[in-house]
Amino acid sequence: MYTDLKDQLAAELAEIETAGLYKHERHIDSPQSARIKAGPLGGAAEDVVNFCANNYLGLADDPRIVAAAKQALDERGFGMASVRFICGAQDLHFALERKVSEFLGTEDTILFSSCFDANGGVFESLFGAQDAIISDALNHASIIDGIRLSKAARFRYANRDLADLEVQLQAAAQLNDGAGARRTIIVTDGVFSMDGYLAPLEGICDLAERYGALVMVDDSHAVGFMGETGAGTPEHAGVSERVDIYTGTFGKALGGASGGYVSARAEIVAMLRQKARPYLFSNSLAPSIVAATLTALDLVKDSGELRERLFSNAGYFRSRMEQEGFDLLEGEHAIVPVMFGDAVVASKIAAQMLERGVFVTAFSFPVVPKETARIRVQLSAAHTREDIDAAVEAFVASRAAVLG
Ligand SMILES: *Cc1c(COP(=O)(O)O)cnc(C)c1O
């Protein structure tokens, strides 16, 4: 009977609201961009400058990408209405897999509907009861869930802590009555999105080598713009060849629509095509998304200009905010956390900023540790100096309004 469940859910939802944890979505009445029209549900949309999208390269509304998607709609139709092992895939899908492999310098790539699904399929397919998976404590939810689906022994190390990682590698070496795990993999986000911190990939690869482990990097918050050619954090750290498995999303810098991938050694990808359940039992990416993502990769590959603009924007924002005396987490990423400590202060300042036409989001416990509430600012190549000046001015005015 639904009546019982209805009451239980209503009570639980009320608790979430009372605790201040209810996630209220805004509506956006424009394309995703540096400047959008946005408003609260049931309220009018206003023009705001947007600093909370993962639209790092500003490609989400790029006319060349939109045109590629339109052309594919005309030439290849709307949907695939099938899974690949039953009905095949379009040449576009295979072309995108080849292009991602070229871009990352890997042997092969397999597409998924999302990076969430890529991480959901990779562990169970490759790691069983005799194996060990060693995961950073702050890894993305989809990695955590993917690992849960595998029967492998699980180990967790403190965020970016190489000493603790080594302790976990030693523990994995004691599995199977001291014989050690059959396969051991260390898995990390390339970038930890609440802090903008990069994973210590060189140290991770050194330890992996010493202990005979594989390395997997989920580079969703880096692919397309970190590293000299945009190949991500492994390129940035100079360890591209030492990473065995890359996962990532097309839903952030690379056009921002949807889709994810696992890119890796040929046999690993071949096995995933046989075994990964989100690949075997879920529809193929829509042709328009595949075609547009191919164009996004061309735009990223052929020009460092967007990357340069992104990092010059991030640097400009950082220096202006430091001049104004804000407390920023240090870093080299386009995620710039502005620290306030107190959850109420951070959320009041974010609300004040919205009234001044600047859209940012405050994060507090349990998303980040207690007393480290922050406003996470995400820069984009699409932001102009005026946009960034507007953000800094809104921060200054909102701080004065809230803290006096
Ligand atoms: C965004 C993100 C994902 C999810 O990607 P989708 O393609 O949107 O499912 C997975 N992992 C990390 C690290 C991410 O930042």
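These figures come from a predicted structure and were not determined experimentally.

Between helix 14 (residues 343-355) and helix 15 (residues 385-403), the least distance of the axes is 9 Å, while the angle of their chain directions is 125°. Considered as vectors, helix 14 and helix 15 are oriented oblique to each other. Considering the relative orientation of helix 14 and helix 15, their crossing is right-handed. Residues V345, K348, I349, Q352 and M353 of helix 14 lie in contact with helix 15, whose contacting residues are A391, A394, F395, S398, R399, A401, V402 and L403. Here the residues of the contact of helix 14 with helix 15 are counted per class, giving nine nonpolar, two polar and two charged.

On to the side chain of T109, then. Note that T109 resides in strand 4 (residues 108-112). A distance of 2.8 Å separates polar atoms of two side chains, one belonging to T109 and the other to S101.

So, about the pattern of salt bridges. Pairing between side chains becomes possible if they bear opposite charge and their charged atoms approach one another. Scanning the model with the defined rule gives 19 salt bridges in all. The partner of K37 in a salt bridge is D47, with the nearest N and O atoms 2.9 Å apart. Of this pair, K37 sits in strand 2 (residues 35-40) while D47 is found in strand 3 (residues 46-50), placing the two residues ten residues apart along the sequence. Overall, K37 belongs to the partly exposed group, its relative accessible area being 37%. Note that D298 and K99 form a salt bridge whose closest N and O atoms lie 2.5 Å from each other. Taken as a pair, D298 in helix 12 (residues 287-302) and K99 in helix 4 (residues 91-104) lie far apart in primary sequence, 199 residues in all.

On the UniProt side, "domain: Aminotransferase class I/classII large" (unreviewed entry) is annotated at positions that read residues 47-395 here. Between the end C-alpha atoms of residues 47-395 there is a gap of 17 Å, over a span that is 44% helix and 18% strand.

The feature "binding site: substrate" (unreviewed entry), as annotated in UniProt, sits at H140 and R376 in this numbering. Among the secondary structure elements, H140 is positioned in the loop between strand 5 (132-136) and helix 6 (141-148). The residues contacting H140, other than those within four sequence positions of it, are F116 and D189. For H140, the side chain forms a polar contact with the side chain of S142, separated by 2.7 Å. Its location among the elements puts R376 in strand 16 (residues 373-378). Contact partners of R376, with chain neighbours within four places excluded, come to F51, S193, M194, I335, V336, P337, T361 and F363. Among the polar contacts made by the side chain of R376, one reaches the main-chain carbonyl oxygen of S193 at a distance of 3.0 Å.

Another aspect to go through is the site of the ligand. Close contacts around the ligand come from 13 residues, with C115, F116, D218, T249 and K252 the closest. Taking C115, its main chain carries an N or O atom lying 2.8 Å from an oxygen atom of the ligand. Between the ligand and K252, the relevant distance is 2.6 Å, taken from an oxygen atom to a side-chain nitrogen or oxygen of the residue. Protein chains shield 82% of the accessible area of the ligand, which is 380 Å² for the free molecule. By residue number, the principal contributor to the shell around the ligand is helix 5 (residues 115-126), which donates three residues.

Since the α-helix turns once every 3.6 residues, residues separated by three or four places project in the same direction. For helix 12, spanning 16 residues, the distance from its first C-alpha to its last is 23 Å, which sits close to the expected 22 Å at 1.5 Å a residue. Counting buried residues along helix 12, 13 of its 16 residues qualify, which places the element largely inside the surrounding structure.

If you walk across this open sheet you meet the four strands as 1-2-3-14, and the pairing is mixed. If you trace the sheet from one side to the other, it starts and ends with strand 1 (26-28) and strand 14 (358-359), each paired once. As judged from the four bridges shared by strand 2 and strand 3, these two strands associate in the antiparallel manner. Residue pairing across strands places A38 opposite E46, the latter belonging to strand 3.

Right, let's get into the pairing of strand 12 (residues 260-264). Counted residue by residue, strand 12 has five buried out of five residues, so it is predominantly covered. A two-sided burial pattern is seen for strand 12, the buried positions comprising G260, V262 and A264 on one face and Y261 and S263 on the other. Relative to strand 12, strand 4 runs antiparallel, the two sharing five bridges. Looking at the pairing, F112 lines up with G260 of strand 12. Of the pairings in the sheet, the one linking strand 11 (residues 245-249) to strand 12 comprises five bridges and is antiparallel in character. Paired with T247 across the bridge in strand 12 is V262.

Conventions we followed
- Residues numbered from 1 in each chain as written.
- Predicted model: local features only at pLDDT ≥ 70, side-chain atom pairs only at ≥ 80, totals over all residues.
- Heavy atoms only, no water.
- Axes fitted to C-alpha atoms, helices over the stretch in contact; angles between N-to-C directions.
- Helix = DSSP H or I, 4+ residues; strand = E, 2+ residues; numbered from the N terminus.
- Parallel < 35°, antiparallel > 145°, perpendicular 65-115°, else oblique.
- Left-handed = near helix turned anticlockwise from the far one by under 90°.
- Contact = heavy atoms within 4.5 Å.
- Nonpolar A, V, L, I, M, F, W, Y, C, P; charged D, E, K, R; others polar.
- Polar contact = N/O pair within 3.5 Å; in protein donor to acceptor, adjacent residues only side chain to side chain.
- Salt bridge = Lys/Arg side-chain N within 4 Å of Asp/Glu carboxyl O.
- Buried < 20%, exposed > 50% of the residue type's maximum accessible area, 1.4 Å probe, protein only.
- UniProt positions renumbered as here; feature names shortened; annotations may be inferred.
- Near = heavy atom within 4 Å.
- Areas by Shrake-Rupley, 256 points an atom, 1.4 Å probe, with all protein chains shown as cover.
- Expected span 1.5 Å × (residues − 1).
- Pairing = 2+ DSSP bridges.

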